[in-house]
Amino acid sequence: MREFSITDGEFLLDGAPFRLLSGAVHYFRVHPAQWDHRLAMVRAMGLNTVETYVPWNLHEPRPGDFRRLDELGDFLEAAARHDLLAIVRPGPYICAEWENGGLPAWLTHLVGARVRTSDAAYLERVDHWFDQLVPRIAEHQITQGGNVIMVQVENEYGSYGSDSGYLLHLVDLLRDSGIEVPLFTSDGPEDHMLTGGTVPGVLATVNFGSEPEAAIAALRRHRPDDPVVCMELWLGWFDHWGSDHTVRDAADAADTLERLLKAGGSVNIYMAHGGTSFGTWAGANHDGTYRPTVTSYDYDAPISEDGRPTEKYWRFREILSRYNTAPEPPPAPPLLPPSRVEMTGSAALFDVLPAGSAVSPMPPSFEDLGLVHGLVRYGVDVPGPRRPYPLTVDGLHDRAHVYVDGTRVATLSRDGDASVEVAGPARVELLVESLGRVNYGTRLGERKGIVGGIRHERQYLHGVSAQALSLEELPAISFREGARCAAPAFFRGSLQVWEPADAFLALPGWEHGHVWVNGFGLGRYSARGPQHTLYLPGPVLRRGANEIVVLELDAVGDPVVEIRASPDLG
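Residues numbered from 1 in each chain as written. Predicted model: local features only at pLDDT ≥ 70, side-chain atom pairs only at ≥ 80, totals over all residues. Heavy atoms only, no water.

## Notes on the overall build of the protein
Here is step 1 of the chain: Per the secondary structure count, the protein includes 11 helices and 32 strands.
Here is step 2 of the chain: Taken over the C-alpha trace, the protein has a radius of gyration of 25 Å; the compact-globule value for 570 residues is 25 Å, and the two agree within 12%.
Here is step 3 of the chain: Taken along its principal axes, the extent of the C-alpha atoms in the protein is 80 × 55 × 40 Å.
Here is step 4 of the chain: When each of the 570 residues of the protein is scored for burial, the buried share is 61%.
Here is step 5 of the chain: Taking all contacts inside the protein whose residues are at least 6 apart in sequence as the whole, residues at least 24 apart take part in 79%.
Here is step 6 of the chain: Total accessible area on the protein stands at roughly 21,000 Å², and carbon and sulfur atoms take up 49% of it.
Here is step 7 of the chain: Computed over 49 positive and 75 negative side-chain charges, the inter-centroid distance for the protein is 4 Å. (Helix = DSSP H or I, 4+ residues; strand = E, 2+ residues; numbered from the N terminus. Rg over C-alpha atoms; globule rule 2.2 N^0.38 Å. Buried < 20%, exposed > 50% of the residue type's maximum accessible area, 1.4 Å probe, protein only. Contact = heavy atoms within 4.5 Å. Areas by Shrake-Rupley, 256 points an atom, 1.4 Å probe, with all protein chains shown as cover. Lys, Arg positive; Asp, Glu negative; His and termini not counted. Charge placed at Lys NZ, Arg CZ, Asp CG, Glu CD.)

The following block contains the structure:
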């Protein structure tokens, strides 16, 4: 069997010195039919290793309901086919601009702020999850004939907490579950992060995007005998809705990579290929203002969202060629010709909501209703007669259309207007939509829906009804002919395809909503930008007719979507 080890401050692969040249590719952000192409691109860039997180919430969306567990192993086998070693980062927390940092919403609803600590209820759930996951990693270790050479303990824990007992529990759990290869932690190159997030006897690595010399010096102060590893070299970045598209100069990024390697460091380029946060999986950040992350995770990476080499790719390949040989890149995937698709059917959203509703004194959160992501129509009566007062929604997460006696009068948001004038008597309904859960920092594990109450002036309004509609998958919809239904509504059209290929879907004139193609969730869209196209993977399509369904929540212009051959990320 092969061996990977750390001796005298350097990596050894089968007894010979080894330079770790890795790139991040998240198997869960790439259609499985495209893994081989993306991994071939990674290898051709000159890398010898691929790294991936594992999102707990994808694989256990409900307690004990384990799904898609074979995907990680299939991805690792695909990497091996392309002569790539592998690094696995199982969390349980991963950040990754992924919904709730990878933690299931049901878990954070259960234990609250006690996540990522040695709290007994939290650890019980972690142990149960790792019982399912870790043996699947262990069987792919290089010591077992596979290609996994390292496994991470938690993720950037020094940015969050100081519970060393929690980290030690994870180390013991990984070892007891069969992990033989080196373990490591990853943190920012700051003293408080490296003291809070590292574990004695476990390799410490650092994450940064510039000034590698300073980061290496910080790591050396704490771990003079460890190999120098940048586990996340940020050479691109992600975007938030309503913000500018982030692009990093290719020459500047290449210079940072080159300086790190010249200093003797090993690297994991984050991201080598970003991919897409399909469906409702994009997360959010909160630094005083709530900022949901866009659907695309292109990340301005060297391999674009649809798998094409960028200027960064060629610059990085030239640098990496000094340290490793590489094959030629595979051909770029084909693209559909541009076209327009008219929506020919529609269905009012309120006709799709399930019949019946729960009634409670205070508004239930999405988690109370067993809903991860989607829509809830809350209803409450304003007594009367009374003059107009502000109707205020406390703890709105995240957007709400307000209807008074059946007429839409306002749109509220958690960081914008949160009240509207209403006189009584009146029936008020609030159609509340969730956006991504915060994936980083102290607001991790936030609830969705109305998490406070509904007030008229200062008085709480009680007796709140709630109808929930999940958008994790496309709901059952009875469409009628014609596409002039007023938003909020579902719309349907048919895309004719001679030969399936990649494309980008644009919605000019549409405002805010979700798109599915053949039942596959492409993700959220918003006229706020910066992203104005959604990536449509070729494997989602089939020859002949392909169903496109759009849920528009705000307003519709011409009910037409466009198929384009290039992205518009801002």
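## Quick notes on the environment of Val-409
Here is step 1 of the chain: Inspection of the secondary structure assignment puts Val-409 in strand 19 (residues 407-413).
Here is step 2 of the chain: Relative accessible area serves as the criterion here: at 42%, Val-409 is assigned to the partly exposed category.
Here is step 3 of the chain: In the structure, Val-409 is positioned 266 residues away from Thr-143 in sequence and 64 Å away in space, judged by C-alpha atoms.
Here is step 4 of the chain: With sequence-adjacent residues up to four places away left out, Val-409 is seen in contact with Val-402, Val-404 and Val-420.

## Overview of the packing of helix 5 (residues 120-138) against helix 6 (residues 164-176)
Relative orientation and spacing of two packed helices are given, respectively, by the angle between their axes and the distance between those axes.
Here is step 1 of the chain: Running from N to C, helix 5 and helix 6 point in directions that differ by 25 degrees, and their axes come no closer than 11 Å. Taken as axis vectors, helix 5 and helix 6 run roughly parallel relative to one another. Considering the relative orientation of helix 5 and helix 6, their crossing is right-handed. On helix 6, the residues that touch Tyr-122, Leu-123, Val-126, Asp-127, Phe-130 and Val-134 of helix 5 are Tyr-166, His-169, Leu-170, Leu-173 and Leu-174.
Here is step 2 of the chain: Of the residues belonging to the contact of helix 5 with helix 6, the class tally is 9 nonpolar, 1 polar and 1 charged. (Axes fitted to C-alpha atoms, helices over the stretch in contact; angles between N-to-C directions. Parallel < 35°, antiparallel > 145°, perpendicular 65-115°, else oblique. Left-handed = near helix turned anticlockwise from the far one by under 90°. Nonpolar A, V, L, I, M, F, W, Y, C, P; charged D, E, K, R; others polar.)

## So, helix 5
Here is step 1 of the chain: Compared with an ideal rise of 1.5 Å per residue, which puts 19 residues at 27 Å, helix 5 spans 25 Å between its outermost C-alpha atoms and is within 8% of the ideal.
Here is step 2 of the chain: In this structure, the buried side of helix 5 is in contact with helix 2 (56-59), helix 3 (70-81), strand 6 (85-89), helix 4 (105-111), strand 7 (148-152) and helix 6.
Here is step 3 of the chain: Backbone nitrogen of Ala-121 and a side-chain oxygen of the N-cap are separated by 3.2 Å at the start of helix 5; the cap is Asp-119. (Expected span 1.5 Å × (residues − 1). Polar contact = N/O pair within 3.5 Å; in protein donor to acceptor, adjacent residues only side chain to side chain.)

## Considerations on the pairing of strand 8 (residues 183-187)
Here is step 1 of the chain: Along strand 8, 5 of the 5 residues are buried, which leaves the element largely enclosed by surrounding structure.
Here is step 2 of the chain: Relative to strand 8, strand 7 is paired through 2 bridges, and the arrangement is parallel. The residue of strand 8 that forms the bridge with Gln-152 is Phe-184.
Here is step 3 of the chain: This β-α-β element, strand 7 to helix 6 to strand 8, shows right-handed connectivity. (Pairing = 2+ DSSP bridges. Right-handed = clockwise from strand over helix to strand, strands pointing away.)

## Topic: the nonpolar core
Here is step 1 of the chain: If you look at the biggest cluster of nonpolar residues, it comprises 107 residues, and the most contacted ones within it are Tyr-122, Phe-130, Ile-149, Met-150, Ile-179, Leu-257 and Phe-316.
Here is step 2 of the chain: Beyond its immediate stretch of four places on either side in the chain, Phe-316 contacts Met-45, Leu-235, Ala-253, Ala-254, Leu-257, Ile-269 and Pro-302.
Here is step 3 of the chain: Membership of the second largest hydrophobic core comes to 27 residues, among which are Ala-483, Leu-507, Val-517 and Val-540. (Core = buried A, V, L, I, M, F, W, Y, C linked by side-chain atoms within 4.5 Å.)

## Brief notes about the sheet that holds strand 2 (residues 10-13)
Here is step 1 of the chain: Read across the open sheet, the 3 strands follow the order 1-2-3; overall the sheet is antiparallel. Bordering the open sheet on either side are strand 1 (4-7) and strand 3 (16-18), each of which pairs with just one other strand. Recorded for the sheet is a direction-independent mean angle of 45 degrees between the axes of neighbouring strands.
Here is step 2 of the chain: Here strand 1 runs beside strand 2; their pairing, made up of 4 bridges, is antiparallel. Residue pairing across strands places Thr-7 opposite Glu-10, the latter belonging to strand 2.

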